[in-house]
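Residue-level listing of the chains:
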Amino acid sequence: MESIVKAFLGTFFILLISFLGLGLISASISMRNAQCYASTVATEIRSSNYMESTAALCEEEAKENGYVLTTEIHKSNDGGTKYGNLSLDYEIKVPFLNIVENRKIVMGI
């Protein structure tokens, strides 16, 4: 009888650790995907020579993917130098623990 209780507890703890691990891996993958998406958008805006229409298109695409993207593009007075900032807001979810956290990525473009 004692071995049945030990086996049940052992199985329970193995399942608990497995689900916690899967939730943390899922959160890590979400963070990595958001970082890759922000880098891709920054590269796309740079390669379009900082066009406002490209930034607006990227913001719409980000909304469809579940992100909130904000871009600020600045130009010098002579129009030669262009630069900008990119801000990407996203959520991280750990379903087993019911944790939802908002994160933000800010990078220069």
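As shown above, the structure is provided for reference.
Residues numbered from 1 in each chain as written. Predicted model: local features only at pLDDT ≥ 70, side-chain atom pairs only at ≥ 80, totals over all residues. Heavy atoms only, no water.

Let us look at the packing of aromatic side chains. Any two aromatic rings considered together are summarised by their centre-to-centre distance and by the angle between their planes. By the definition in use, this model includes three aromatic pairs. Aromatic pair Tyr67 and Tyr90: ring centres 6.5 Å apart, planes at 85 degrees, arrangement edge-to-face. With Tyr67 in the loop between helix H2 (52-64) and strand S1 (68-75) and Tyr90 in strand S2 (residues 82-94), the pair connects residues that are 23 residues apart, well separated along the chain. Residue class for Tyr67 comes out buried when judged on its relative accessible area of 15%. (Phe/Tyr/Trp six-rings, centres within 6.5 Å; stacked < 30°, edge-to-face > 60°. Helix = DSSP H or I, 4+ residues; strand = E, 2+ residues; numbered from the N terminus. Buried < 20%, exposed > 50% of the residue type's maximum accessible area, 1.4 Å probe, protein only.)

Let us now look at the pairing of strand S3 (residues 99-108). Alignment of S2 against S3, held across 10 bridges, turns out to be antiparallel. Paired with Lys93 across the two strands is Val100, which belongs to S3. The turn joining S2 and S3, which pair antiparallel and follow one another in sequence, is formed by four residues; a positive phi near 55 degrees is taken by Asn98. (Pairing = 2+ DSSP bridges.)

To continue, consider H2. With 13 residues, H2 should reach 18 Å at 1.5 Å per residue; the first-to-last C-alpha distance of 19 Å fits that figure. Taken as a whole, H2 has its buried residues at Thr54, Ala55, Cys58 and Ala62. All buried residues of H2 fall inside an arc of 100 degrees around its axis, so they share one side. Exposed residues pointing more than 90 degrees away from the buried face of H2 are listed as Leu57, Lys63 and Glu64. Packed against the buried residues of H2 are helix H1 (2-47) and S1. Positive phi appears at Gly66, one or two residues downstream of H2, with a value of about 90 degrees. (Expected span 1.5 Å × (residues − 1). Arc of directions from axis to C-beta. Contact = heavy atoms within 4.5 Å.)

Right, let's talk about the nonpolar core for a bit. The biggest cluster of nonpolar side chains holds 22 residues, and the ones touching the most others in it are Val41, Ile45, Tyr67, Leu69, Leu86, Leu88 and Ile105. For this core, the secondary structure elements donating two or more residues are H1, H2, S1, S2 and S3. With seven residues, H1 is the largest single contributor of residues to this core. Excluding residues that lie within four positions of it along the chain, Tyr67 makes contacts with Asn33, Ala34, Tyr37, Ala62, Leu88, Asp89 and Tyr90. (Core = buried A, V, L, I, M, F, W, Y, C linked by side-chain atoms within 4.5 Å.)

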